[in-house]
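So you can see what is in the structure, the chains are spelled out below.
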Amino acid sequence: MKGFMYLRNRLYLSPVYGSLQLYVTRLLRNIVDNVGWQEQSSDSLRRQLVRDLVLNAACDFGSTECIRTANQAFLDYRLTSNVEHHIALLVLSIGISSGDVEVWNDLWTQSKDADGDERRTMRLALSHSRVPWVIERYMSWCLNTSIMDPSSSHHFFGEVGRSPVGHGLAMDFIADNWQDIVQVYGHTPPFIRTALDTVQLINSEVELQLLISLRERTPKTSAAYHELVKLTEEVKINVEWKTDYENQVYHFLESDAARAKL
């Protein structure tokens, strides 16, 4: 699955992406049917892990059936406040990405009264809104230490930018609020690296230069600077990969689609 996610991160803005979606969802369809959504007491640990990986990948690559099932589970959750633990994050994330501001606000209110893993799951799911101003507000709240503790909020902040929808908004927010981000997360390497998860989706020289400009605005003695040095090198590799291999991936997917029609 890591390979598929790497391809997604490289090609999500490319004309190739539609073919990649069809390829991955076709490969996963039978596996999803086999493992299902319901956890059984007889399931092995391996089967549980496969279910988690496959359902997340299928929804992430836009499987209509997967998203429909997750949305129905989210509607049930809103009525009963119950959702199976192993699919909770997936169901809540899909529900938030499909829902409106009222749905988002309701889950945020619920998260205030939740504890531990339940609160973390809710707040990760809240990062998946598709409403630009809601995303902007949420990232601002993550930086407000009177609202959320940085020891947890860096996960929610980073989660926003891990999706193709949130990436552009996250990059703009980071550029506009860099000093505040360094102040809140920049002294702890794992915090700042997670908060900058969105750089995994950088594929252009323009955004690479933005990352370099952030590094130049950062004190060289800070953890944030050292993480940016490493991230910049990783992004350079990703930009080069897209340039070198995008056409090869396109030809493979087109050949595979032609074979599937035979």
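Residue numbers here run from 1 along each chain, matching the order of that chain's written sequence. Predicted model: local features are reported for residues with pLDDT of at least 70 only, side-chain atom pairs are reported and counted for 80 or more only, and whole-chain, interface and lining totals are derived from all residues. Calculated side-chain values reflect all of the structure's heavy atoms, with hydrogen atoms and water omitted.

### Remarks on the environment of V235
Helix and strand labels come from DSSP, where a helix needs a run of H or I of at least four residues and a strand needs a run of E of at least two; each type is numbered from the N terminus. Mapping V235 onto the fold places it in helix α14 (residues 223–260). For the pair V235 and M5, spaced 230 residues apart in the sequence, the C-alpha separation amounts to 15 Å.

### As for the state of the cysteines
For the purposes of this analysis, a disulfide is any pair of cysteine sulfur atoms at a distance within 2.5 Å. Inspection of every chain in the model, using the stated rule, returns one disulfide. What pairs with C59 in a disulfide is C66, and their sulfur atoms sit 2.0 Å apart. As the torsion about the S-S bond is roughly -90°, the C59-C66 disulfide counts as left-handed.

### Let's talk about the packing of aromatic side chains
By convention, a stacked pair of Phe, Tyr or Trp rings (six-membered ring in the case of Trp) has centres within 6.5 Å and planes under 30 degrees apart, an edge-to-face pair has planes over 60 apart, and any other such pair is tilted. Within this structure, the stated rule accounts for 13 aromatic pairs. Their ring planes at 15° and their centres at 6.0 Å tell us that W104 and W108 sit as a pair that is stacked. In this pair, W104 and W108 both sit in helix α6 (residues 101–113), four residues apart, roughly one turn of the helix. Here W104 and W108 have matching classes, each one buried. Plain terms: the ring middles of W104 and Y138 are 5.3 Å apart, the flat faces sit at 80° to each other, and that makes the pair edge-to-face. Residue W104 is found in helix α6, and its partner Y138 is found in helix α8 (residues 132–143); the two are separated by 34 residues along the sequence. Neither W104 nor Y138 differs from the other in exposure class; each is buried. Three or more aromatic residues joined by ring pairs make a cluster, and in this case those are W104, W108, Y138 and W141. Any Lys NZ or Arg CZ that is within 6 Å of a ring centre and within 35 degrees of that ring's normal is treated as a charge sitting over the ring. The lysine or arginine in question, R10, covers the ring of Y6, its NZ or CZ lying 4.8 Å from the ring centre. Buried means the residue's accessible area, taken with a 1.4 Å probe over protein chains only, is under 20% of the maximum for its type, while exposed means over 50%, and partly exposed covers the values in between.

### Let's talk about the pattern of salt bridges
Any Lys or Arg side-chain nitrogen located within 4 Å of an Asp or Glu carboxyl oxygen qualifies as a salt bridge. Enumeration according to the criterion identifies twelve salt bridges in this entry. Salt-bridge contacts for K230 lead to E227; the nearest nitrogen and oxygen are separated by 3.1 Å. Taken as a pair, K230 and E227 lie in helix α14 at a separation of three residues, close to a single helical turn. Take E227: its relative accessible area is 6%, and that puts it in the buried class. Three or more residues are tied together by salt bridges with common partners; here these are R193, E227, K230 and E234.

### Here we look at the packing of helix α4 (residues 64–80) against helix α5 (residues 88–98)
Orientation of α4 relative to α5, taken along the N-to-C sense of each, is 95°, at an axis distance of 8 Å. For the element pair α4 / α5, the angle class is roughly perpendicular. Contact with α4, carried on its side by I67, A70, N71, A73, F74 and Y77, involves V91, L92, I94, G95 and S98 of α5 and no other residues of that element. Residues are sorted three ways: Asp, Glu, Lys and Arg are charged, Ala, Val, Leu, Ile, Met, Phe, Trp, Tyr, Cys and Pro are nonpolar, and all the rest, Gly among them, are polar. A breakdown of the residues in the contact of α4 with α5 according to their chemical character gives eight nonpolar, three polar and no charged. Every axis in this analysis is a line fitted to C-alpha atoms, fitted for helices over the stretch in contact. Angles between the N-to-C directions lie between 0 and 180 degrees. Here the angle decides the label: under 35 degrees means roughly parallel, over 145 means roughly antiparallel, 65 to 115 means roughly perpendicular, and every other value means oblique. In what follows, residue pairs with any heavy atoms lying within 4.5 Å of each other are defined as contacts.

### Some details on the environment of V182
Inspection of the secondary structure assignment puts V182 in helix α11 (residues 178–185). When the C-alpha atoms of V182 and D117 are compared, they prove to be 27 Å apart, with 65 residues separating the residues in sequence. In contact with V182, not counting residues within four places along its chain, are H187 and A224.

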